[in-house]
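Per-entry structural report
Residue strings, one per chain:
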Amino acid sequence: MPELRRPLAVDDVVHGFAYGAFGRDHYHCVIIEAVGPDWVVARSPDEDWADPSFTSGRRSLELCMQARDEPCPRDTPCPIEAADMAQRLTVAPGGPGRRAHR
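My aim in this report is to walk through the structure given alongside it, one point at a time. (Residues numbered from 1 in each chain as written. Predicted model: local features only at pLDDT ≥ 70, side-chain atom pairs only at ≥ 80, totals over all residues. Heavy atoms only, no water.)

Our focus in this paragraph is the pattern of salt bridges. What the rule picks out here adds up to seven salt bridges. As a salt-bridge pair, Arg6 and Asp12 come within 3.3 Å of each other at their nearest N and O atoms. A salt bridge links Arg68 to Asp69; its shortest N-O distance comes to 2.7 Å. Given a relative accessible area of 8%, Arg68 falls into the buried group. With a relative accessible area of 40%, Asp69 lands in the partly exposed category. Residues joined in a network through salt bridges with shared partners are Arg5, Arg6, Asp12, Arg68 and Asp69. (Salt bridge = Lys/Arg side-chain N within 4 Å of Asp/Glu carboxyl O. Buried < 20%, exposed > 50% of the residue type's maximum accessible area, 1.4 Å probe, protein only.)

With that out of the way, let us pick up the sheet that holds strand β4 (residues 53-56). Spatial ordering of the open sheet is given by β1-β2-β3-β4, a layout of four strands whose pairing is antiparallel. Taken across any chain shown, the strands that pair with only one partner, and hence form the sheet edges, are β1 (13-14) and β4. The sheet contact formed by β1 and strand β2 (residues 30-35) spans two bridges and is antiparallel. Across the sheet, the residue bridging to Val14 is Val30, located in β2. (Pairing = 2+ DSSP bridges. Helix = DSSP H or I, 4+ residues; strand = E, 2+ residues; numbered from the N terminus.)

Structural data, given as structure tokens:
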């Protein structure tokens, strides 16, 4: 029986290469900005106005969950998780760090 993982959600950090889920040229940790039933859009706040990364399909999302649940391969703590919340552009009513969808 496969291991059950918490579903991907807005504000989850997907660490590093993410096992190729976002393509072979993707190496940076990203924050999930939007989720759908079988897709994810994420962006790296390390780069000024970086283009979003997109992935879809069951296998890719399972790889994202695995990368989210493992320690950051780049640094401990992950620089994105340790970033100041004031750097984020939007905050949802749910509390600090939750991104709003409008």
